[in-house]
Structure formats: C-alpha cells, structure tokens
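Reading the structure
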Amino acid sequence: MDKADRKTRIAVAAGMLIKNPGKSYTLKIFCDMFGAAKSTMSEDIAILKNTLKKYGQGDIEITLGAGGGVKYIPALFPEQKAGVLFEVARKLSDHSRILPGGYIYTVDIFSNPKYVCAMADILAGMFIKINPDFIVTVETKGVALAFSVARALNKPLVIARRDVKITEGSVVTINYLTGSSKRMRTMSMSKRAARPGQKALIIDDFIAGGGSVYALCEMMKEFSITVVGCGVAIATRLPEKKKVDNYKALLTLEEVDIENESIIIHPV
C-alpha cells in the first residue's frame, strides 16, 4: 500500500479519534496503518490537536510512555457552552411547557441529540479527571444524557430500573422516598452490572429534592462502589437543602409560576 500523505493521515486519524471519544490509540496503530514513522505521526497528531483546540472542536490528550497513546476529548469553548445552555434555557422557559402540579415538559429536549450531546460533552468535561469506571443513572428520561456522557468518557453505562426486568437476572432492590413529592418508589440494579471497589459517576436529567440521586448513592453502597461525582442537567433552586449536596448542574430552575404562566430557568 502506498504511503498516505499528511492531509490523508490527519483526516483519517481525526475521523477515528472523534468517532470514538475517550478511547486511547497508540501511535503504533497509526504508524502501521499509514506506513509512517513515529516521529511523523507525532507531528500529525500535534497539528490535529492544535487545530481542534483553535476552532473549539475538542482536544487531543497525549499520554507519553510505554502505555501511552492519544485520545479525543470532547470539549467546548466557554462561549459555546454558554450558547448551548442559553438556548436550552430559552426553550424551557416557554410557558406552554407548564404541566399540572408545577412540572415542566422536557421530553423533547432530552430526546434531541443536538441538545443531549452538547450537554453531555459539557458534563463529561467536568468529570473527565476523576476517571470513573462506569456511568450510572436511573430510568428513564436521564438515559440518553447518561449514555452520551458514557460515550464521551468511553465508559460503560449502568441503568437502575424502577421495575424489575427478567433480562436483568438477579437484582438488588431498594425502596426510597422521592425528595420532592415524598412518594415511596423502588429501584433495582442487576448484580452483574458492577463490581465491588469500582468508581461510579451519577448522571441524571433533573434533581429537585434529590431523592433519586440519594437512592442511587445508597444503591452503590450495596455494591461496595464509591460515587466519585454527580452531574445533572437541571437542578431546582428549591428546596435549597437537598438529600445530596455534592452535585454539579448545568441549569437552575428558579420558579414555575402556574398562576402567571411563567418559567424562570437559567444556566448555572
């Protein structure tokens, strides 16, 4: 096979890395693919890294040493992050989203790849340095967001179910009170989903009183797993005292005023 020129090498390497965020590739993989020297590929990767950062398309993390390699890290410029979150907040501020009981309709936002992937990249950037073993969430609306964070960090996703599925096999089940409505609910997780001693990152779409997130933390204790972080898309301002306090949110829901038909929500 003829040796590839620099433009081809960079284009193909960029496609591989961006398609598989968080996955580490050794330089040898690229050297063998293109018939290029290690020094040549190092220069190509450096050019790609600088180009992506310059135009706000993410970053390339380079690890030196025998076990080193290169991997793509999704990342947004501060102004890009602000733009995404401002747009999401603007859409969620539409008073027509108000539902009975003071809830707001968010399904279309959390099923839209444009917003889910962007919010996931922001959350992934917040927690990339803690290097969790897996991402965990509770069904159902937070699954798309959690999956996208898992993909960005190249980690598996574990889902705690509200109803036991026969396909889960043996499960651990706990009962818990929701933080806002104080209703009793059940949460189950497959015994095969995780191993003792692992580290978990909790991702969810919404936190009000914190009951579901607290229950996930308690579930992790049942598996002897350490929770190393918690990220949510939306957090309500009230109640100020939630069942968990070590979470990071992208948006704050200040108020849902049913009488005046208004929603106040803004980026954190």
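Okay, so let's go over this structure. Computed from a prediction, not measured in an experiment: that's the story for all the values here. (Residues numbered from 1 in each chain as written. Predicted model: local features only at pLDDT ≥ 70, side-chain atom pairs only at ≥ 80, totals over all residues. Heavy atoms only, no water.)

1. So, unusual backbone geometry
To keep it simple, the criterion reads: Working definition: helices are DSSP H or I runs of at least four residues, strands are E runs of at least two. Numbering for both runs from the N terminus. Any residue under 20% of the maximum accessible area for its type is buried, any over 50% is exposed, and the rest in between are partly exposed; the area is computed with a 1.4 Å probe on protein chains only.
With omega at 15 degrees, the peptide bond leading from E139 into T140 counts as cis. With respect to the secondary-structure elements, T140 resides in the loop between β5 (134–138) and α6 (143–153). We note that N154 has phi near 55 degrees; this positive angle belongs to a residue other than glycine. On the secondary structure map, N154 appears in the loop between α6 and β6 (157–160). For N154, a relative accessible area of 41% corresponds to the partly exposed category. The backbone of E261 shows a phi angle near 50 degrees, a positive value even though the residue is not glycine. Mapped onto the elements, E261 comes out in the loop between β11 (248–257) and β12 (262–267).

2. Focus on the packing of aromatic side chains
A ring pair, where both rings are aromatic, is described by two values, the distance of the centres and the angle of the planes. We apply this condition: The criterion for an aromatic pair is that two Phe, Tyr or Trp rings (for Trp, the six-membered ring) have centres within 6.5 Å, with stacked assigned to planes under 30 degrees apart, edge-to-face to planes over 60 apart and tilted to the rest. For a ring to carry a charge above it, either NZ of a lysine or CZ of an arginine must fall within 6 Å of the ring centroid while also lying within 35 degrees of the normal to the ring plane.
Scanning the entire structure with this criterion turns up one aromatic pair. For the ring pair Y25 and F30, a centre distance of 5.8 Å and an interplane angle of 40 degrees mean the geometry is tilted. Above the ring of F127, the side-chain terminus of K248 is found at 5.3 Å from the ring centroid.

3. Section: the sheet that holds β6
Sheet strands pair by backbone hydrogen bonding; their relative direction is either parallel or antiparallel. How we decide: We treat two strands as partners when DSSP finds at least two bridges between them. Between N-to-C directions, angles span 0 to 180 degrees; the directions come from axes that are lines fitted to C-alpha atoms, helices contributing only their stretch in contact. Contacts are residue-level and defined by heavy atoms, with any inter-residue pair within 4.5 Å sufficient.
One open sheet accounts for six strands, arranged β6-β5-β9-β10-β11-β12; its pairing is mixed. Among the strands making up the open sheet, the edge pair consists of β6 and β12. Strand after strand, the sheet turns through a mean of 25 degrees between neighbouring axes, direction not considered. Note that β5 and strand β9 (residues 199–207) share three bridges and pair parallel. Each residue of the ladder has a partner; that of V136, found in β9, is I202. Across the sheet, α6 touches β5, β6, β9 and β10 (226–236), and the angle it forms with β9 is around 145 degrees. Taken strand by strand, helix α7 (residues 211–222) contacts β5, β6, β9 and β10, and its axis lies near 165 degrees from that of β9.

4. Looking at the pattern of salt bridges
Pairing is possible between side chains of opposite charge, provided their charged atoms come close. Selection rule: For this analysis, a salt bridge means a side-chain nitrogen from Lys or Arg found within 4 Å of a carboxyl oxygen belonging to Asp or Glu.
Tallied over the entire structure, the rule returns 13 salt bridges. Between K49 and D59 there is a salt bridge whose closest N-O contact spans 2.9 Å. Placement of K49 in helix α3 (residues 38–54) and of D59 in strand β1 (residues 59–63) is noted, with a sequence separation of ten residues between them. Taken together, the shared-partner salt bridges connect R6, R9, E43 and D44 into one network.

5. Some details on the side chain of Q198
Condition: N or O atoms within 3.5 Å of each other form a polar contact, as long as, within protein, one can give a hydrogen and the other can take it, and as long as residues adjacent in sequence are counted only when both atoms are side-chain atoms.
Tracing the sequence through the fold places Q198 in the loop between β8 (184–190) and β9. Its relative accessible area of 11% is what places Q198 among the buried residues. Among the polar contacts made by the side chain of Q198, one reaches the main-chain amide nitrogen of R195 at a distance of 2.8 Å. Residue contacts for Q198: discarding those within four places in its chain leaves D133, F134, S224, I225 and T226.

6. Here we look at the packing of helix α4 (residues 78–92) against helix α5 (residues 113–127)
Geometrically, a packed helix pair is captured by the angle between its two axes and the distance between the axes. Quick note on the threshold: An angle counts as roughly parallel when it lies under 35 degrees, as roughly antiparallel when it exceeds 145, as roughly perpendicular when it falls between 65 and 115, and as oblique in every other case. The handedness criterion is simple: a crossing whose near helix is rotated anticlockwise from the far helix by less than a right angle is left-handed, and one whose near helix is rotated clockwise is right-handed. Under the scheme applied here, ten amino acids are nonpolar (Ala, Val, Leu, Ile, Met, Phe, Trp, Tyr, Cys and Pro), four are charged (Asp, Glu, Lys and Arg), and all others, including Gly, are polar.
Following both chains from N to C, one finds α4 and α5 inclined at 135 degrees, their axes separated by 10 Å at the closest point. Taken together, the axes of α4 and α5 are oblique relative to one another. α4 and α5 meet at a crossing whose hand is left-handed. Residues K81, V84, L85, E87, V88 and K91 of α4 form the contact with α5, whose own contacting residues are K114, Y115, A118, M119 and I122. Of the residues assigned to the contact of α4 with α5, the class counts are seven nonpolar, no polar and four charged.

7. Examining the side chain of R9
Structurally, the position occupied by R9 is in helix α1 (residues 6–19). In this view, R9 contacts A4, F34, A36, T40, M41 and D44; residues no more than four positions away in its chain are not counted.

8. What to know about the nonpolar core
Selection rule: Nonpolar core, defined: a set of buried Ala, Val, Leu, Ile, Met, Phe, Trp, Tyr and Cys residues in which side-chain atoms within 4.5 Å join the residues together.
Membership of the largest hydrophobic core comes to 34 residues, with the highest contact counts inside it found for M119, L145 and L251. Among the elements of the structure, α4, α5, α6, β9, β10, β11 and β12 are those that each provide at least two residues to this core. Considering every element that reaches this core, the biggest residue donor is α5, with nine residues. Those residues in contact with M119 that lie beyond four places of it in its chain are L85, I109, F110, L145, A233 and L250. Core analysis: the second largest hydrophobic core is formed by 27 residues, V213, C230, V232 and A249 among them.

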